[in-house]
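Observations on the model geometry
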Amino acid sequence: MNLKELKNIIKNEGETLINKTQIAETEKEKILLRAVKLNEEVGELCEEILKKFGNQRKEKKFDDKNLRGEFADVIITLMLLADKMDIDVEEALEEKVNYIVKKKLKE
Ligand SMILES: [Mg+2]
């Protein structure tokens, strides 16, 4: 799957990917809730990284599948948030990468 395909899935099926326990009435509430959810997913990713390096309690075992899953959760949640805020992630990435590359060339 490439970024364009993922973007289309998010655009067409975004609402079904969202946890139905996330109750928000206004657009602002939905955006804020998704931003908080993104932070939760980043936390889960960090927990998996800590497990990988043995920095969690021993009963919390590292599993490579869980680590991959948390990377995916962060990306999907980020794209749901971007879609809600009418941000085209592909364009944003292209702009930023071009900026970074140009900046690097000047150094
Ligand atoms: Mg997760």
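One numbering rule holds for all chains: residues counted from 1, following each sequence as written. Totals for whole chains, interfaces and linings use every residue, but because this is a predicted model, local features are given only for residues with pLDDT of at least 70 and side-chain atom pairs only at 80 or more, for both listing and counting.

Here the focus is the overall build of the protein chain. Each helix and strand counted, the protein chain has 4 helices and 0 strands in total. By the compact-globule yardstick of 13 Å for 107 residues, the protein chain is too spread out, its C-alpha radius of gyration being 17 Å. Along the first, second and third principal axes, the C-alpha set of the protein chain runs to 45 × 45 × 25 Å. To assign burial, the other C-beta atoms lying within 10 Å of each residue's own C-beta are counted, with C-beta atoms placed from the backbone; 20 or more indicates buried, 12 or fewer indicates exposed, and intermediate counts indicate partly exposed. In the protein chain, which comprises 107 residues, the proportion classed as buried is 6%. Residues are treated as contacting if the C-beta atoms built from their backbones sit within 7 Å of each other. Looking at the protein chain alone, contacts between residues at least 24 apart form 70% of all its contacts between residues at least 6 apart. Here a strand is any run of E in DSSP of at least two residues, a helix any run of H or I of at least four, and the numbering for each starts at the N terminus. All radius of gyration figures rest on C-alpha atoms, and the globule criterion is 2.2 Å times the number of residues raised to 0.38.

This part takes up helix α4 (residues 89–106). For α4, built from 18 residues, the straight-helix expectation of 26 Å at 1.5 Å per residue is met to within 8% by its first-to-last C-alpha distance of 26 Å. Little of α4 is tucked away: 0 of the 18 residues are buried. What a helix is expected to span follows from its residue count: subtract one and scale by 1.5 Å.

It is the contact of helix α1 (residues 3–17) with helix α3 (residues 64–84), at a shortest axis distance of 10 Å, that shows an interaxial angle of 85 degrees. With respect to α3, the element α1 is oriented roughly perpendicular. Contacts between α1 and α3 involve Leu6, Lys7, Ile10, Lys11, Gly14 and Leu17 from the first element and Ile76, Met79, Leu80 and Asp83 from the second. Among the residues making up the contact of α1 with α3, the classes are represented as 6 nonpolar, 1 polar and 3 charged. Helix axes are fitted only over the stretch in contact, all axes being lines through C-alpha atoms; the angle between N-to-C directions runs from 0 to 180 degrees. Should an angle fall under 35 degrees it is called roughly parallel, over 145 degrees roughly antiparallel, and 65 to 115 degrees roughly perpendicular, with every other angle called oblique. Put simply, Ala, Val, Leu, Ile, Met, Phe, Trp, Tyr, Cys and Pro go in the nonpolar bin, Asp, Glu, Lys and Arg in the charged bin, and everything else, Gly too, in the polar bin.

Our focus in this paragraph is the environment of Ile10. With respect to the helices, strands and loops of the structure, Ile10 is situated in helix α1. Residues Ile10 and Leu80, spaced 70 residues apart in sequence, show a C-alpha to C-alpha distance of 6.3 Å. If we ignore the near neighbours within four places in the chain, the residues touching Ile10 are Met79, Leu80 and Asp83.

A word on the packing of helix α2 (residues 27–52) against α3. For the pair α2 and α3, interaxial distance at closest approach is 9 Å and the crossing angle is 165 degrees. Judged on the interaxial angle alone, α3 and α2 are roughly antiparallel. Considering only the axes of α2 and α3, their crossing is left-handed. Contact with α2, carried on its side by Lys30, Ile31, Arg34, Ala35, Lys37, Leu38, Glu41, Val42, Glu44, Leu45, Glu48 and Lys52, involves Asn66, Leu67, Glu70, Phe71, Asp73, Val74, Thr77, Leu78, Leu80, Leu81 and Lys84 of α3 and no other residues of that element. The class makeup of the residues in the contact of α2 with α3 is 11 nonpolar, 2 polar and 10 charged. Here a crossing is called left-handed whenever its near helix is offset anticlockwise from the far helix by less than a right angle, and right-handed whenever the offset is clockwise.

The next point concerns unusual backbone geometry. It is generally the case that most residues other than glycine have a negative phi and that most peptide bonds are trans. Positive phi outside glycine occurs at Asp86, with the angle close to 55 degrees. Within the fold, Asp86 resides in the loop between α3 and α4.

On to the confidence of the model for the protein chain. Predicted coordinates in regions of low pLDDT should not be interpreted in detail. For every residue, the predictor reports its confidence as pLDDT, a number between 0 and 100. Looking at the protein chain as a whole, the pLDDT averages 91, with 99% of positions reaching at least 70. Mean pLDDT values for the elements of the protein chain range from 85 in α1 up to 96 in α3.

Okay, the environment of Tyr99 next. Examined against the element boundaries, Tyr99 turns out to sit in helix α4. In this structure Tyr99 comes out as exposed when scored by C-beta crowding, with 10 C-beta atoms within 10 Å. Once the C-alpha coordinates of Tyr99 and Asp64 are considered, the two residues, 35 residues apart in sequence, prove to be 34 Å apart.

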